[in-house]
Amino acid sequence: ITSTGGTATSAPYGFIMRDNSRVYTTGSGGIVITGTAGTSTGGQRTYGLAVGFQSSIFTSSGDITLVGNGGTTTSHADGIDFFNNASIIAGGSGRLTAIGTGGSSTGAHAYGIWLEDSTIMRTTNGVLTLNGIGGNSSLSPSDGIYFQG
């Protein structure tokens, strides 16, 4: 899945899952999702890839690769945001890789990867890799990877 946000007054996400959404494969099938946020002209939240509100991505034994690139905004230009009980699980020997690059924010953060609110990321027997690159923020930190509650 590849998705790109456009230009909007608020929240032009690249890719978002919420409200108990599911993306999954059975057998050895893998999942690759790439989201690139757009530009917010008057609001905030240009997440490249966001998964939250009890949504999940899982495989039986395949790999999961998630890539998010934050956009341009006045606040919150994060590459990837996992929030509100998101679950990302690679079963069997499947590997889980998340690569996030923060965008550009004239206000609050531009994290590469933001894990918050009881997010679960795990593998059964595979390797888990997180690679976060902070973006540019004029008012607050832009950590590569930020863990919060």
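Bear in mind that the values here come from a model prediction, so they are computed numbers and not experimental data.

Peer 1: Help me understand the sheet that holds strand 5 (residues 31–36) in this model?
Peer 2: Pairing between the strands of a sheet is mediated by backbone hydrogen bonds and can be parallel or antiparallel. Strands sit in the order 1-5-9-13-17 across an open sheet of five strands; the sheet is parallel. The sheet terminates laterally at strand 1 (2–4) and strand 17 (128–133), the two strands that pair on one side only. Each strand of the sheet is rotated relative to its neighbour by a mean of 5 degrees, with strand direction disregarded.

Peer 1: Whenever I open this one, the nonpolar core confuses me. Can you help?
Peer 2: It is characteristic of soluble globular proteins that their nonpolar side chains tend to be buried jointly. The biggest cluster of nonpolar side chains holds 20 residues, and the ones touching the most others in it are Ile33, Leu49, Ile57, Leu66, Phe82 and Ile88. Counting five residues, the second largest nonpolar core, distinct from the first, contains Tyr47, Phe83, Tyr111 and Trp114.

Peer 1: Sorry if this is basic, but what is going on with the sheet that holds strand 3 (residues 15–17) here?
Peer 2: Spatially, 3-7-11-15-19 is the arrangement adopted by the five strands of the open sheet, whose pairing is parallel. Of all strands in the sheet, those with a lone pairing partner are strand 3 and strand 19 (145–148), marking the two edges. Across the sheet, the axes of successive neighbouring strands diverge by a mean angle of 5 degrees, strand direction being ignored. Here strand 11 (residues 80–82) pairs with strand 15 (residues 113–116) via three bridges, running parallel. What sits directly across from Asp81, in strand 15, is Trp114.

Peer 1: What exactly am I supposed to notice about the pattern of salt bridges here?
Peer 2: If the charged atoms of two oppositely charged side chains come close together, the side chains can form a pair. Here the structure, examined in full by the defined rule, presents two salt bridges. Here Asp63 makes a salt bridge to Arg95, at a shortest N to O gap of 2.6 Å. Within this pair, whereas Asp63 is found in the loop between strand 8 (56–59) and strand 9 (64–69), its partner Arg95 is found in the loop between strand 12 (87–90) and strand 13 (96–101), the two being separated by 32 residues in sequence. Residue classification places Asp63 among the partly exposed residues on the basis of a relative accessible area of 27%. Accessibility expressed as a relative area gives 47% for Arg95, which makes it partly exposed.

Peer 1: In this structure, what is going on with the packing of aromatic side chains? I would like to understand it.
Peer 2: Any aromatic ring pair is given by two values, namely how distant the centres are and how the planes are angled relative to each other. Using the criterion set out here, one finds five aromatic pairs in the structure. Between Tyr111 and Trp114 the ring centres are 5.6 Å apart and the planes differ by 65 degrees, which places this aromatic pair in the edge-to-face class. The buried category is assigned to Tyr111, whose relative accessible area is 6%. Taking the relative accessible area as the measure of exposure, Trp114 reaches 7% and is therefore buried. Relative to Tyr146, the ring of Tyr111 has its centre 4.6 Å away and its plane inclined at 10 degrees; by these criteria the two rings are stacked.

Reading the values: the criteria
- Residues numbered from 1 in each chain as written.
- Predicted model: local features only at pLDDT ≥ 70, side-chain atom pairs only at ≥ 80, totals over all residues.
- Heavy atoms only, no water.
- Pairing = 2+ DSSP bridges.
- Helix = DSSP H or I, 4+ residues; strand = E, 2+ residues; numbered from the N terminus.
- Axes fitted to C-alpha atoms, helices over the stretch in contact; angles between N-to-C directions.
- Core = buried A, V, L, I, M, F, W, Y, C linked by side-chain atoms within 4.5 Å.
- Buried < 20%, exposed > 50% of the residue type's maximum accessible area, 1.4 Å probe, protein only.
- Salt bridge = Lys/Arg side-chain N within 4 Å of Asp/Glu carboxyl O.
- Phe/Tyr/Trp six-rings, centres within 6.5 Å; stacked < 30°, edge-to-face > 60°.

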